[in-house]
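Single-letter residue listing:
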Amino acid sequence: MNLELTTEEVAFREEMRKFFTTEFSPELRARAAGFGKLTREDIVAGQQILNAHGLAVPHWPVEWGGKDWTPVQRHIYSEEMQLASVPNPLPFNVSMVGPVIAAFGSQEQKEKFLPATANADIWWCQGFSEPEAGSDLASLKTAAVRDGADYIVNGQKTWTTLAQHAEWIFCLVRTDASAQKRQAGISFLLIDLATPGITVRPIKLIDGSVEVNEVFFDNVRVPAENLVGEENKGWDYAKFLLGNERTGVTRVGFSKTLVATAKEKAREVRVGTGTLLDDPLFAARLAELENDLLALDLTQLRVVASSADGKPNPASSLLKLRGSELQQAATELLMDVAGPDSLPVNTVEIDSPEWAQQAAPRYLNYRKVSIYSGSSEVQRSIIASSILGL
Amino acid sequence: MNFELDDEQTMLRDTTRELLNRSYDAEKRNATSATDEGWNASVWKQFAELGLLGLPFAEADGGMGAGPVETMVVMTELGRALAPEPYLGGVLIPGGLIAAVGSADQRARLLPALSDGTTLSAFAHTEPGTRWPVATVTTNASQEGSGWTITGVKNPVLQGDSAHVVIVSATLPGGGTGLFLVDAEGSGVTRSTYATHDGRRGAQFTFTDAAAEQLGEGGDVTEAIVEAEVRAQAALCAEAIGIMTEALRLTTEYLKQRKQFGVPLAKFQTLTHRAADMYVALELASSMSLYATMAIADGVIDPTIASRAKLSVGRAAHQIGQEAIQMHGGIGMTAEYPVGHYVSRLVAIEHTLGASDDHLRVLAAGVSNYSMVNVTE
């Protein structure tokens with residue numbers, strides 16, 4: 001039992017820290033840290049810098065650009081990226097569809113999609129949720145019917161994140177409506193969003209942003225060669241994907257960075273004769289949140305250190321659940337530090353700084369993290385059934 | 001980075017667990033608790049035979065030379081079994097102080113006797129009307145010729161009821177805090193013994209010019225006291241993890257077997273989701289408990305780390321304790337059923353060596369000194 005990183009791991013951390021803090025411009029990192037807004041170009045440019053250094057997709061198979069890293073190295077990579085406020089590579093590309101294609105796709109699909117996916121030459125979006133299939137994903141209805149060399153797709157997806165930027169969508173579609181088990185009639189299909197019959201309609205969110213969309217499919221003709229793996233096996237691939245997705249959403253480094261920003265800003269707020277940071281009530285709230293983050297950080301390290309055999313750990317539900325709560329607590333703390341300066345939004349030439357103007361929209365936006373990728377209630381159900389046997 | 005026990009530590013865990021499983025169930029524990037001593041001399045003898053009592057002391061001092069991870073392993077098992085033996089208060093804390101501060105003669109005189117179970121000690125440090133951390137003690141030490149006398153009141157002194165020799169903290173004539181060995185039955189010593197709500201024992205000591213022997217070479221030993229507290233806090237966290245693990249196990253078992261409205265309680269999501277939250281709290285607290293122990297094992301004696309762990313464990317204990325009783329319903333309120341005893345012990349741990357609020361107060365006072373909390377730098 002020991003806490004220390006090995007000499008090699010410390011050297012690796014230094015290498016990552018240096019890379020993230022020197023290869024990405026301070027302006028880009030400041031925008032990613034919440035002092036501005038990231039554009040589509042920012043995200044693509046960030047991922048292309050990573051990819052140019054062979055660091056966009058380290059968890060993919062080596063032949064497709066992956067690194068043969070240990071779980072601890074992967075953790076360090078991700079942690080240092082967050083601490084440096086480097087924009088994350090597109091999760092739809094690197095954590096979701098990429099690993100699925102690499103594991104289950106045909107050789108043609110791998111060659112066609114993986115290099116472009118790693119380099120963000122294709123922007124993917126995820127077509128899973130539907131109006132009537134949220135937490136109960138297996139009840140999805142969007143249908144793909146075989147017609148010669150094609151599938152004809154009809155139906156609707158929703159909550160499709162950043163579909164307005166996307167070129168392709170990976171979809172779960174129903175290919176066998178008569179399957180005994182609902183999960184057994186689902187397939188995993190790659191669809192070019194430029195195909196006729198597809199309409200993307202943005203959904204405006206409570207923070208004023210457009211981040212998610214509805215995607216409608218009206219007799220959309222998709223070549224059958226875009227089916228990943230076997231027909232009616234899509235649920236297995238989706239479970240594989242969601243397992244990857246959930247361990248990536250703890251985001252302790254991100255939350256720690258937000259809390260550090262809140263602390264720095266609290267030094268500048270006057271309360272009585274001192275600053276907000278001197279206030280015992282605020283300091284206690286801050287100390288408790290920092291402690292909660294440390295506990296999650298350590299728990300994540302325990303999971304990382306025990307996952308050397310590569311098997312998914314059921315504790316990933318804990319990481320998703322608690323990671324969401326602490327991201328939300330961190331955005332709330334920063335908003336509360338902004339205080340009245342959090343009221344104006346998108347306004348220049350006033351004294352309320354940009355970070356403060358973004359604090360409340362971010363707080364509102366981050367209510368999503370306990371809803372997406374398996375809501376907190378779904379995670380509690382998983383813990384109760386698969387860990388506690390209830 | 002490695003959070004696993006090695007083979008020997010696993011064996012220690014299994015051996016301790018086996019001994020305690022054999023020694024205690026709810027009924028035996030309640031019966032033991034009702035005796036005068038509140039613990040079982042035959043179990044204590046087996047602790048000595050297994051080498052548990054001398055576990056952390058150097059082999060040269062009659063101990064086993066084991067580290068903080070081994071202490072953690074044993075404390076977790078004591079917690080799991082809710083064993084009432086005076087292990088931490090009667091041996092580990094006072095023995096640790098003797099090992100750290102005592103002269104060669106004092107170590108040779110006392111540590112083998114603590115390790116073989118024939119002598120019990122206690123650390124008399126807390127004074128009435130104070131909160132952790134103790135800044136200065138009002139108990140005073142005076143030098144009389146070649147000897148010392150102690151005057152002051154100490155309460156609560158955990159396991160002070162059965163101590164043969166007490167280690168007393170006292171303010172030195174020239175300032176600073178010293179440690180003194182006092183015969184618990186000596187003249188000028190008044191001892192009032194009592195049972196605590198968790199079925200353990202304690203005492204109040206009033207010293208009136210009581211004859212005392214200075215521990216070690218003299219001078220201020222505040223640093224050694226802080227180290228003893230850091231080690232004890234890590235040990236208490238480990239005990240609490242064992243207790244909470246068992247409280248959660250009892251609760252989930254109960255949800256599976258108790259039927260109402262024709263179905264097991266486990267069919268009600270309002271209960272299973274709360275059990276999931278108990279699990280989350282336990283895992284987070286376990287990580288912090290491991291952290292506190294592993295830091296010591298790496299040679300880092302850091303009161304801030306101990307405070308972080310005790311705060312996290314305290315918060316989890318609050319939630320798990322209250323939920324465990326609530327989800328058992330009426331049966332959880334009874335003295336016959338074990339869950340309430342586990343909760344009582346969690347509450348007692350909360351109020352030993354700093355409650356959650358005390359540790360949060362200390363941590364809050366330091367937030368402006370750093371930018372971010374990291375596991376390793």
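As recorded by an unreviewed UniProt entry, chain A carries the name Acyl-CoA dehydrogenase and is attributed to Rhodococcus qingshengii. According to its UniProt record, chain A has this under Cofactor (unreviewed entry): "FAD". According to its UniProt record, chain A has this under Sequence similarities (unreviewed entry): "Belongs to the acyl-CoA dehydrogenase family."

Engineer: So what's going on with the overall build of chain A? Which residues, and what values?
Structural biologist: A tally of helices and strands in chain A yields 12 helices and 10 strands. Here the C-alpha atoms of chain A give a radius of gyration of 22 Å, agreeing with the 21 Å that 2.2 N^0.38 yields for 390 residues. Overall size of chain A, expressed as C-alpha extent along the three principal axes, is 75 × 50 × 50 Å. Looking at chain A as a whole, 45% of its 390 residues qualify as buried. When contacts within chain A are restricted to residue pairs at least 6 apart in sequence, those whose partners lie at least 24 apart make up 71%.

Engineer: Explain the environment of Ser85 of chain A to me, and be specific about the residues and the numbers.
Structural biologist: Residues and elements named next belong to chain A. In this structure, Ser85 sits in the loop between α4 (71–83) and α5 (91–104). In sequence terms Ser85 and Phe254 are 169 residues apart; their C-alpha atoms lie 7.5 Å from each other. Once residues within four sequence positions are removed from consideration, Ser85 is found in contact with Arg29, Ala32, Ala33 and Thr257.

Engineer: I'd like a rundown of the interface of chain A and chain B, residues and numbers included.
Structural biologist: Taken together, the contacts link 41 residues of chain A with 39 residues of chain B. Those elements giving two or more residues to the side of chain A that touches chain B turn out to be α8 (252–266), α9 (280–306), α10 (316–338) and α12 (376–387) of chain A. The element that contributes the greatest number of residues to the side of chain A that touches chain B is α9 of chain A, accounting for 19 residues. Residue composition of the side of chain A that touches chain B, by class: 26 nonpolar, five polar and 10 charged.

Engineer: Describe in detail the pairing of strand β3 (residues 147–158) of chain B, supporting the description with residues and values.
Structural biologist: Side-chain positions along a regular strand alternate between the two faces of the sheet. Residue and element names in this part refer to chain B. As paired strands, strand β2 (residues 140–144) and β3 are joined by five bridges and run antiparallel to one another. Its bridge partner lying in β3, Gln143 is registered against Trp148. Taking the residues that link successive antiparallel strands as the turn, the β2-β3 hairpin has two residues, and the phi of Gly145 there is positive, at about 65 degrees. In this structure, β3 lies alongside strand β7 (residues 201–214), joined through eight bridges in antiparallel fashion. If you follow Trp148 over to β7, its bridge partner there is Ala212.

Engineer: Give me the domain arrangement of chain A: which residues, what numbers.
Structural biologist: Residues and elements named next belong to chain A. In terms of domains, chain A is made up of domain 1 (7–89), domain 2 (124–233) and domain 3 (249–387). Those elements that place two or more of their residues in the side of domain 1 that touches domain 3 are α2 (26–35) and α4. Sort the elements by how many residues they give to the side of domain 1 that touches domain 3 and α4 lands first, with six residues.

Engineer: I'd love a proper account of unusual backbone geometry, names of residues and values included.
Structural biologist: Residue Pro133 of chain B is reached from Trp132 of chain B by a cis peptide bond, and omega for that bond is -5 degrees. Note on placement: Pro133 of chain B falls in the loop between β1 (121–124) and β2. Looking along the chain, the bond that leaves Asn155 of chain B and enters Pro156 of chain B is cis, with omega of -10 degrees. Along the chain, Pro156 of chain B turns up in strand β3. Residues other than glycine seldom take positive phi values, yet Asn232 of chain A does so here, at roughly 70 degrees. Judged by the 17 C-beta atoms lying within 10 Å of it, Asn232 of chain A is partly exposed. With a phi angle near 55 degrees, Leu82 of chain B is a residue other than glycine that sits in the positive phi range. Owing to 23 C-beta atoms within 10 Å, Leu82 of chain B belongs among the buried residues under this scheme.

Engineer: Summarise the packing of α9 of chain A against helix α8 (residues 269–297) of chain B; cite the residues concerned and give the values.
Structural biologist: Between α9 of chain A and α8 of chain B, the least distance of the axes is 8 Å, while the angle of their chain directions is 85 degrees. With respect to α8 of chain B, the axis of α9 of chain A lies roughly perpendicular. Residue-level inspection shows Ala295, Leu296, Leu298, Thr299 and Arg302 of chain A of α9 of chain A in contact with α8 of chain B, the latter providing Glu283, Leu284, Ser287, Met288 and Tyr291 of chain B. Among the residues making up the contact of α9 of chain A with α8 of chain B, the classes are represented as six nonpolar, two polar and two charged.

Engineer: Mind laying out the domain arrangement of chain B, listing which residues take part and the relevant values?
Structural biologist: Residue and element names in this part refer to chain B. If you check the domain split of chain B, you get domain 1 (7–119), domain 2 (122–220) and domain 3 (223–369). The distance between the C-alpha centroids of domain 1 and domain 3 comes to 22 Å. Residue-level contacts link 20 residues of domain 1 with 22 residues of domain 3. Breaking the side of domain 1 that touches domain 3 down by element, the ones donating at least two residues are α4 (68–81) and α5 (87–101). At 10 residues, the largest contribution of residues to the side of domain 1 that touches domain 3 is made by α4. Along the lines of polarity and charge, the residues of the side of domain 1 that touches domain 3 split into 13 nonpolar, five polar and two charged.

Rules and cut-offs
- Residues numbered from 1 in each chain as written.
- Chains lettered and ligands numbered in written order.
- Predicted model: local features only at pLDDT ≥ 70, side-chain atom pairs only at ≥ 80, totals over all residues.
- UniProt positions renumbered as here; feature names shortened; annotations may be inferred.
- Helix = DSSP H or I, 4+ residues; strand = E, 2+ residues; numbered from the N terminus.
- Rg over C-alpha atoms; globule rule 2.2 N^0.38 Å.
- Buried ≥ 20, exposed ≤ 12 C-beta atoms within 10 Å, placed from the backbone.
- Contact = placed C-beta atoms within 7 Å.
- Nonpolar A, V, L, I, M, F, W, Y, C, P; charged D, E, K, R; others polar.
- Pairing = 2+ DSSP bridges.
- Domains from an automatic or database assignment.
- Axes fitted to C-alpha atoms, helices over the stretch in contact; angles between N-to-C directions.
- Parallel < 35°, antiparallel > 145°, perpendicular 65-115°, else oblique.

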